[in-house]
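Spelled out from the first residue to the last, the chains are:
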Amino acid sequence: MAVRAVRGAVQLERDEAGHMDEQVGALLTAVLERNGLTADDLISIWFTATPDLHSDFPAAGARKLGIVDVPLICAQELDIEGAMPRVVRLLAHIESDRPRSDINHVYLGAAAALRRDIAQ
């Protein structure tokens, strides 16, 4: 079994904890489903949030999904002028037999504009 990395992002409509939990949950669910994964396949997840998000930690949304025994960490995204606002990104390390070329990176909603080259 190989270690692979999966990218993803979602743009929030507003900075509210419940909305962040919902959107992070949708992003993680899509990453798992589109890659044929379960929570047992997760090794760790890095989350970043743009500096305009203050309501909660993105990892809280993962914990509310039941992902409780996977190391999670949150960091602030770089504050780049003109960057898309209210974005949560993730980098999940997984165990998978899929070749790197078959990994489905997930960019939901408006966040698909961030990586048109790899968004599924």
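Residues numbered from 1 in each chain as written. Predicted model: local features only at pLDDT ≥ 70, side-chain atom pairs only at ≥ 80, totals over all residues. Heavy atoms only, no water.

Engineer: Honestly, the side chain of H19 in this entry has me stumped. Any pointers?
Structural biologist: Within the secondary structure layout, H19 lies in helix α1 (residues 17-34). Residue class for H19 comes out buried when judged on its relative accessible area of 4%. Setting aside residues up to four positions removed in sequence, H19 forms contacts with L12, E13 and R14. (Helix = DSSP H or I, 4+ residues; strand = E, 2+ residues; numbered from the N terminus. Buried < 20%, exposed > 50% of the residue type's maximum accessible area, 1.4 Å probe, protein only. Contact = heavy atoms within 4.5 Å.)

Engineer: Explanation requested: the nonpolar core in the structure shown.
Structural biologist: Soluble globular proteins tend to bury their nonpolar side chains together. Formed by 28 residues in total, the largest nonpolar core has its most connected members in L28, L42, I45, F47, V88 and L90. Secondary structure elements with two or more residues in this core: β1 (2-11), α1, β2 (42-49), α2 (58-64), β4 (87-96) and β5 (106-108). Among the elements that line this core, the one with the most residues is α1, at seven residues. When near neighbours in sequence (up to four residues on either side) are disregarded, L28 contacts I45, F47, A62, L65, I67 and L90. (Core = buried A, V, L, I, M, F, W, Y, C linked by side-chain atoms within 4.5 Å.)

Engineer: When you look at the pattern of salt bridges in this model, what are you seeing that I'm missing?
Structural biologist: Any two side chains of opposite charge can pair, so long as their charged atoms come close to each other. The final tally for this structure, using the stated rule, is four salt bridges. Between E77 and R89 there is a salt bridge, with the nearest N and O atoms lying 3.7 Å from each other. A residue pair is termed long-range when its members are at least 10 positions apart, and E77 in the loop between β3 (72-76) and β4 and R89 in strand β4 qualify at twelve residues. Given a relative accessible area of 23%, E77 falls into the partly exposed group. When its relative accessible area of 16% is taken as the criterion, R89 is described as buried. (Salt bridge = Lys/Arg side-chain N within 4 Å of Asp/Glu carboxyl O.)

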